[in-house]
Amino acid sequence: MLTNIDAVLFDLDGSLVDSMWLWEDIDIAYLGRYGITLPGDLQGMIEGMSFSETAAYFKERFCLPDPLEEIKAEWNRMAWDKYTHQVPLKAGADAFIQHCHKENIRLGIASSNSRALVENVLTVHGVIGFFDGIVTACDVEKGKPAPDVYLEAARQCGADPKRCLVFEDIIPGIMAGKAAGMKVCAVEDDYSRHQEAEKRRLADYYIKDYFNIV
């Protein structure tokens, strides 16, 4: 899988860390403050959006009175403790990160989450120093499935997109990596388990965890 690869680029949530489970709870609690019940289609509608795009979508769809920056700040506050204490790395991820580092394969993050939460969870697990580039979809023009965030991560890592390997757990992210001209490995996650067949079809590889993939 790592043959002819100069950089490995990770999505964060659901791909590198096990965190997708907590966002539905946050959405329920946040919308509940306004007396709004979580719509059944919400997660599908916002999948792949940047943190800023998601805030704009919430504000318009639910007619929220708060400015966008306050919406994002509140989400960060609600998620901070969970990312600090309840979000583990995916099984085998720590060893895989260290293997790539030893093999001089550059490492990058290309996340739809906020930079504050990305840097927090990487710091908590002691791996932030291994990464050559950390990009969020708020740093580029368009979120996933557009390729922007992966192309910028490759640029920060000094790598040709054709020599990058992406790890992604959701379909818009897999599409973003492929649109960037990169190899993509789909990562199993409970949140997207119902999409496994489509993830396998779209990606070049599929893994259940990060053990024994080199």
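Our subject is the structure that appears above.
What you see is a predicted model, and the numbers here were worked out from it, not measured in a lab. (Residues numbered from 1 in each chain as written. Predicted model: local features only at pLDDT ≥ 70, side-chain atom pairs only at ≥ 80, totals over all residues. Heavy atoms only, no water.)

1. Considering the packing of aromatic side chains
Here is step 1 of the chain: Overall, the coordinates contain 15 aromatic pairs when judged by the stated rule.
Here is step 2 of the chain: Residues Trp23 and Tyr83 carry aromatic rings whose centres are separated by 6.2 Å and whose planes lie at 55 degrees to one another, so their mutual orientation is tilted. Pair noted here: Trp23 is in helix H1 (residues 20-32) and Tyr83 is in helix H4 (residues 68-85), with a separation of 60 residues, a long-range link. Per residue, the accessibility class of Trp23 equals that of Tyr83, and both read buried.
Here is step 3 of the chain: A centroid spacing of 5.7 Å and a plane angle of 75 degrees characterise the contact between Phe51 and Trp75, whose relative ring orientation is edge-to-face. Note that Phe51 is positioned in helix H3 (residues 51-62) and Trp75 in helix H4, a separation of 24 residues in sequence. The pair formed by Phe51 and Trp75 is uniform in burial state, with each residue classed as buried.
Here is step 4 of the chain: The structure contains a cluster of three or more aromatic residues connected by ring pairs, namely Trp23, Tyr30, Tyr34, Phe51, Phe58, Phe62, Trp75 and Tyr83. (Phe/Tyr/Trp six-rings, centres within 6.5 Å; stacked < 30°, edge-to-face > 60°. Helix = DSSP H or I, 4+ residues; strand = E, 2+ residues; numbered from the N terminus. Buried < 20%, exposed > 50% of the residue type's maximum accessible area, 1.4 Å probe, protein only.)

2. Some points on the sheet that holds strand S4 (residues 164-168)
Here is step 1 of the chain: Strand order in the open sheet made by the six strands is S3-S2-S1-S4-S5-S6, with parallel pairing throughout. Of all the strands in the sheet, the pair left with one neighbour each is strand S3 (133-136) and strand S6 (205-207). In this sheet, neighbouring strand axes are inclined to one another by 20 degrees on average, regardless of whether the strands run parallel or antiparallel.
Here is step 2 of the chain: Relative to strand S5 (residues 183-187), S4 runs parallel, the two being bridged by four bridges. Directly across from Phe167, in S5, lies its bridge partner Cys185. (Pairing = 2+ DSSP bridges. Axes fitted to C-alpha atoms, helices over the stretch in contact; angles between N-to-C directions.)

3. With respect to the pairing of S5
Here is step 1 of the chain: When you tally the buried positions in S5, you get four out of five residues, the bulk of the element.
Here is step 2 of the chain: For the segment spanning S4, helix H8 (residues 171-179) and S5, crossover handedness is right-handed.
Here is step 3 of the chain: With three bridges joining them, S5 and S6 adopt parallel strand pairing. Directly across from Val187, in S6, lies its bridge partner Ile207.
Here is step 4 of the chain: Following the chain from S5 across helix H9 (residues 196-202) to the adjacent parallel S6, one finds a crossover that is right-handed. (Right-handed = clockwise from strand over helix to strand, strands pointing away.)

4. Some points on H1
Here is step 1 of the chain: Of all the positions in H1, only Met20, Leu22, Trp23, Ile26, Asp27, Tyr30 and Leu31 are classed as buried. Taken around the axis of H1, the buried residues stretch over an arc of 155 degrees, which confines them to a single face.
Here is step 2 of the chain: Looking at the buried positions of H1, the neighbouring elements they touch are helix H2 (42-46), H3, H4 and helix H6 (115-124). (Arc of directions from axis to C-beta. Contact = heavy atoms within 4.5 Å.)

5. Describing the side chain of Asn113
Here is step 1 of the chain: Structurally, Asn113 can be placed in the loop between strand S2 (106-111) and H6.
Here is step 2 of the chain: Judged by its relative accessible area of 4%, Asn113 falls in the buried class.
Here is step 3 of the chain: A polar contact is formed between the side chain of Asn113 and the side chain of Asp13, at a distance of 3.0 Å.
Here is step 4 of the chain: A polar contact of 3.0 Å, which involves the side chain of Asn113, links it to the side chain of Tyr83.
Here is step 5 of the chain: Excluding residues that lie within four positions of it along the chain, Asn113 makes contacts with Leu12, Asp13, Trp23, Phe51, Tyr83, Val118 and Thr136. (Polar contact = N/O pair within 3.5 Å; in protein donor to acceptor, adjacent residues only side chain to side chain.)

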